[in-house]
Amino acid sequence: MTSGISVVIVNWNTRRLLECCLRSILTVGEGLVREVIVVDNGSTDDSVAMARDRFPQVRLVENAANEGFARANNRGVGLARTDLVLLLNTDAFLAPGALRALIELAASKPNAALVGAQLRHADGSFQASYTAFPTLAQEFLILSGLGRALWRPWYPSQGPDEGAPRTVDYVEGACMLVRRSAYLAVGGFDEGYFMYAEDVDLCHTLHDAGWEVWYQPAAVVTHLGGGSSGSRKPEREGDLYRSRVRYFRKHHGDAAAGVLKAMILVLTFLKGLVHGALRRASRGQRGRAVPSLRDLATRLRGV
């Protein structure tokens, strides 16, 4: 392995964000980044042409189709030439000093397999960054909206904290520095997840294997959110629920997965009634689109 770090960026139809992300990482990563690998998941915009023409120093991997977030990242990490690899979303931008803070923490903690950053919204407000592993009670509070209404807007994530770095259960996948040797030892991301929950699953698997996951609040990263998934909103909620059920089945067993699936369907039905009534009463000014119960049941079948 060579010195410095590799950066792996997975892209799917986010040409503008990809360009901004590449410019940002090549600026803040000067002297720290050994290579940048872009894995394109069969984009139909001009992402690939832009990256090839404007960033010839970037290693470009072109997938023929959208292989999903987990598989694309695994491919990128497999190609990396360094042991520390930053997995970065196209809609995530590191503040000055953030990359060095992540690297120095990983270097000082030989048992740290993964280090996460403090995520912030575009307006500078705190965004969910690190969280305790999911439980059924926690999932109910998320699905019902009670967690955010009764506790904090970023529930179930822990809140803003400028204290010292600490070990945590899991960090969000928008920006994660991984130790390649540990990542490959546990098989990387589980490719059974197309999108969502693969970050939680990876952290759980690393913990089970005796590794540590750390949170570095000094590494501030602006995360816009929804960069790729924003272009497929009708399926986004269904993809999220499918991944959560898969996680529960894998780590908590069939019974827990069955309970979660029932909660998702019942609460989606109730939300459909409430938001439908709000849209009718307000002539479309209030209420949001809720996944079709039939489509959601189909999507959750066999998970």
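Everything numeric here is computed off the predicted structure, so don't read it as measured data. (Residues numbered from 1 in each chain as written. Predicted model: local features only at pLDDT ≥ 70, side-chain atom pairs only at ≥ 80, totals over all residues. Heavy atoms only, no water.)

1. Overview of the overall build of the protein
Looking only at helices and strands, the protein features eleven helices and eleven strands. Its C-alpha atoms give the protein a radius of gyration of 19 Å, near enough to 19 Å, the size a compact globule of 303 residues would have. Dimensions of the protein, computed from C-alpha atoms along their principal axes, come out at roughly 55 × 40 × 35 Å. Out of the 303 residues in the protein, the part that is buried amounts to 51%. (Helix = DSSP H or I, 4+ residues; strand = E, 2+ residues; numbered from the N terminus. Rg over C-alpha atoms; globule rule 2.2 N^0.38 Å. Buried < 20%, exposed > 50% of the residue type's maximum accessible area, 1.4 Å probe, protein only.)

2. A few points about the nonpolar core
By size, the foremost hydrophobic cluster in this structure holds 47 residues, and its most contacted members are Leu 87, Leu 114, Val 171, Met 176, Phe 189 and Ile 264. At six residues, helix 10 (residues 254–282) tops the list of elements feeding residues into this core. Once residues lying within four places of it in the same chain are set aside, the contact partners of Met 176 are Val 85, Leu 86, Leu 87, Leu 114, Val 115, Val 171, Phe 189, Asp 199 and Leu 202. Core analysis: the second largest hydrophobic core is formed by 38 residues, Ile 25, Ala 51, Ala 98 and Ala 117 among them. (Core = buried A, V, L, I, M, F, W, Y, C linked by side-chain atoms within 4.5 Å. Contact = heavy atoms within 4.5 Å.)

3. Describing helix 10
A rise of 1.5 Å per residue sets the reference length of helix 10, with its 29 residues, at 42 Å; its end C-alpha atoms lie 41 Å apart and thus fit the reference within 8%. Regarding helix 10, the residues found buried are Ala 256, Ala 257, Leu 260, Lys 261, Met 263, Ile 264, Leu 267, Thr 268, Lys 271, His 275, Gly 276 and Ser 282. Of the residues flanking the end of helix 10, it is Arg 283, one or two places downstream, whose phi is positive at about 55°. (Expected span 1.5 Å × (residues − 1).)

4. A short note on the packing of helix 10 against helix 11 (residues 293–300)
Between helix 10 and helix 11, whose axes approach to 10 Å, the crossing angle comes to 170°. As summarised for this structure, helix 10 and helix 11 are arranged roughly antiparallel, according to the angle between their axes. Packed against helix 10, whose contacting residues are Lys 261, Ile 264, Leu 265, Thr 268 and Phe 269, the element helix 11 presents Leu 293, Leu 296, Ala 297 and Leu 300 at the interface. (Axes fitted to C-alpha atoms, helices over the stretch in contact; angles between N-to-C directions. Parallel < 35°, antiparallel > 145°, perpendicular 65-115°, else oblique.)

5. Structural notes on the packing of helix 5 (residues 136–144) against helix 10
Following both chains from N to C, one finds helix 5 and helix 10 inclined at 15°, their axes separated by 10 Å at the closest point. The orientation of helix 5 relative to helix 10 falls into the category roughly parallel. Crossing geometry of helix 5 relative to helix 10 is assigned as right-handed. Counting all contacts with helix 5, which are made through Leu 136, Glu 139, Phe 140, Leu 143 and Ser 144, the residues of helix 10 involved are Ala 256, Val 259, Leu 260, Met 263, Ile 264, Leu 267 and Lys 271. A class-by-class count of the residues in the contact of helix 5 with helix 10 yields nine nonpolar, one polar and two charged. (Left-handed = near helix turned anticlockwise from the far one by under 90°. Nonpolar A, V, L, I, M, F, W, Y, C, P; charged D, E, K, R; others polar.)

6. Focus on the confidence of the model for the protein
The predicted coordinates should not be examined in detail at positions where pLDDT is low. Averaged over the protein, the pLDDT score is 93; the fraction of residues at 70 or greater is 96%. Considering only residues more than four positions removed or in separate chains, one finds that residues 227–232, a stretch of pLDDT under 50, has 13 contacts. (pLDDT = per-residue confidence, 0-100.)

7. Thoughts on the packing of aromatic side chains
Scanning the model with the defined rule gives seven aromatic pairs in all. Ring centres of Phe 126 and Trp 154 lie 5.4 Å apart, and the angle between their planes is 75°; this geometry places the pair in the edge-to-face category. One end of the pair, Phe 126, is in the loop between strand 6 (112–120) and strand 7 (130–131); the other, Trp 154, is in the loop between helix 6 (146–150) and strand 8 (166–167), with 28 residues separating them in the sequence. For Phe 126, a relative accessible area of 7% translates into the label buried. Their ring planes at 25° and their centres at 5.9 Å tell us that Trp 151 and Tyr 155 sit as a pair that is stacked. We classify Trp 151 as exposed; its relative accessible area is 53%. A relative accessible area of 12% means that Tyr 155 is categorised as buried. (Phe/Tyr/Trp six-rings, centres within 6.5 Å; stacked < 30°, edge-to-face > 60°.)

8. A word on the pairing of strand 3 (residues 59–63)
Bridge count for strand 2 (residues 33–41) against strand 3 is five bridges, and the pairing is parallel. Bridged to Val 39 within strand 3 is Val 61. (Pairing = 2+ DSSP bridges.)

9. A word on the environment of Asp 199
Checked against the element boundaries, Asp 199 lands in helix 8 (residues 198–208). Placed 61 residues apart in sequence, Asp 199 and Gln 138 show a C-alpha to C-alpha distance of 17 Å. Ignoring any residue separated from it by four or fewer positions in sequence, one finds Asp 199 in contact with Val 171, Glu 172, Gly 173, Met 176 and Phe 189.

10. Points about a nonpolar patch on the surface
A contiguous nonpolar surface patch, about 520 Å² in accessible area, is contributed by Val 266, Phe 269, Leu 270, Leu 273, Val 274 and Leu 293. Per element, the largest residue contribution to the nonpolar patch is five residues, and it comes from helix 10. As for its placement among the helices and strands, Val 274 is situated in helix 10. In this structure Val 274 comes out as partly exposed when scored by relative accessible area, which is 49%. (Patch = residues over 30% accessible without salt bridge, like charges linked within 9 Å, V, L, I, M, F, W, Y side chains within 5 Å. Areas by Shrake-Rupley, 256 points an atom, 1.4 Å probe, with all protein chains shown as cover. Salt bridge = Lys/Arg side-chain N within 4 Å of Asp/Glu carboxyl O.)

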